[in-house]
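# Reading the structure
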Amino acid sequence: MCAKSRVAAPGAGAASLCSEGRISLYCFLITAALVLIPSVPQNLYGMVPQVWGAVLWGPFLYYALINMIIRFVLRNHDYQVAIRASFLGFAMAVSVLVICFAPTEWQQFGAYGCFMSLFHYSEFLVIAFANPRTLSLDSFMLNHSVHYGLAAAASWIEFSLEVYFLPQFKRYGYIWVAGVVLCLMGEVVRKAAIITAGRSFTHLVQNEKHSEHKLITSGIYAYCRHPSYVGWFWWSIGTQIVLLNPICICIYTLVSWLFFHDRIYVEEYSLLNFFQSDYVRYQKRVPTGLPFIRGYLVD
């Protein structure tokens, strides 16, 4: 995200949600609702199967039917948007069911699923609102990188192994609730950064300064120079606290810190070339927002 988080073109923001944004919102909400609504009687009247996983069989059938309808109604790019939004709505709904019906040691995995689904869908939705001209299927960030996928898989493996061998370790609810708070804070900070940056924000690296770009120092950028990174950093750690994954908490913290340390250093080199003395003054006035990361400083 080189230089994208603090350069903005005139007319930043969007007056209304673009068509792809509306399609995604309808599919996300309708899929989540259609999966959850049949489960309401079970939740209200205690009609929970003895094998709790059986409660998920129905939602998978509903999801298959919803996908058939989407395929019949939409085509081409709209279909690709809808199918991804529908999948994330389904994942959100199933995560809620896990919270409601699963044994205690599995409930935080449902909370984790909710945050993962919300993060990826809200990335697309907020870009659709703030900067629709850069909107693409990649805005869902479902194919972010191989390393991102491996990190997620590692957290699932650790969680599953610890549930099997140390189930009592996953029952400290007051600890994983702290992770919920951290995830919420990270989401709010990151999305506030995207909305504040408006049309300057993309999920692509921006290496060239255009004549209409200006340095953003207002809003959340008045408190930290890299709020989108700050939000993502704390959100990623929060997901592992939610799962009570001690190994991944340490690994995620270290790897995320190293990644953002290097990324901010490279990004600020470009920003100093773009804005020169203006950015130097901004650096002196506002911290990066991440612990022990100073960025690229001019002597």
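The structure contained in this document is the topic of the report that follows. Note that this is a predicted model, so its numbers are computed, not measured. (Residues numbered from 1 in each chain as written. Predicted model: local features only at pLDDT ≥ 70, side-chain atom pairs only at ≥ 80, totals over all residues. Heavy atoms only, no water.)

Turning to the packing of helix H1 (residues 19-36) against helix H4 (residues 76-101), a few remarks are in order. Packing of H1 against H4 leaves a shortest axis separation of 7 Å and a crossing angle of 35°. As H1 packs across H4, the resulting crossing turns out to be right-handed. (Axes fitted to C-alpha atoms, helices over the stretch in contact; angles between N-to-C directions. Helix = DSSP H or I, 4+ residues; strand = E, 2+ residues; numbered from the N terminus. Left-handed = near helix turned anticlockwise from the far one by under 90°.)

In this section: the side chain of Lys-170. Tracing the sequence through the fold places Lys-170 in the loop between helix H6 (146-165) and helix H7 (173-197). Overall, the relative accessible area of 0% leaves Lys-170 in the buried class. Residues within four places of Lys-170 in sequence aside, it is in contact with Thr-104, Glu-105, Gln-108, Phe-159, Glu-162, Val-163, Leu-243, Leu-244 and Asn-245. (Buried < 20%, exposed > 50% of the residue type's maximum accessible area, 1.4 Å probe, protein only. Contact = heavy atoms within 4.5 Å.)

Where nonpolar side chains cluster on the molecular surface, the patch consists of Ile-157, Leu-161, Tyr-164, Phe-165, Leu-166, Phe-169, Tyr-172, Tyr-174 and Ile-175 and spans about 1000 Å² of accessible area. Those elements giving two or more residues to the nonpolar patch turn out to be H6 and H7. Per-element accounting of the nonpolar patch gives the leading share, four residues, to H6. Note that Phe-165 resides in helix H6. (Patch = residues over 30% accessible without salt bridge, like charges linked within 9 Å, V, L, I, M, F, W, Y side chains within 5 Å. Areas by Shrake-Rupley, 256 points an atom, 1.4 Å probe, with all protein chains shown as cover. Salt bridge = Lys/Arg side-chain N within 4 Å of Asp/Glu carboxyl O.)

Here we take up the layout of surface pockets. Volume-wise, the largest pocket comes out at about 570 Å³. In terms of lining, the largest pocket is formed by 25 residues, of which the most central are His-147, Tyr-148, Ala-151, Val-255 and Ser-256. Here the residues of the lining of the largest pocket are counted per class, giving 16 nonpolar, seven polar and two charged. The calculated volume of the second largest pocket comes to roughly 480 Å³. Considering the residues around the second largest pocket, the lining is formed by 21 residues, among which Phe-87, Ala-91, Met-116, Ser-117 and Trp-156 are closest to the centre. When residues of the lining of the second largest pocket are traced back to their parent elements, those giving at least two are H4, helix H5 (104-130) and H6. Here the residues of the lining of the second largest pocket sort into 15 nonpolar, six polar and no charged. Residues from two domains meet in the lining of the second largest pocket; each of domain 1 (18-101) and domain 2 (143-290) gives at least three. (1 Å grid on protein atoms, 1.4 Å probe; cavity = no way out; pocket = protein on both sides within 12 Å on 5 of 7 lines; lining within 4 Å. Points joined across faces, edges and corners; volume = space filled by probe spheres on them. Nonpolar A, V, L, I, M, F, W, Y, C, P; charged D, E, K, R; others polar. Domains from an automatic or database assignment.)

A word on unusual backbone geometry. For Met-141, which is not glycine, the phi dihedral falls at a positive 60°. By the secondary structure assignment, Met-141 is in the loop between H5 and H6. You will see that Gln-276, though not glycine, has its phi angle at about 50°, which is positive. On the secondary structure map, Gln-276 appears in the loop between helix H9 (246-275) and helix H10 (277-285). Using a relative accessible area of 51% as the deciding quantity, one classes Gln-276 as exposed.

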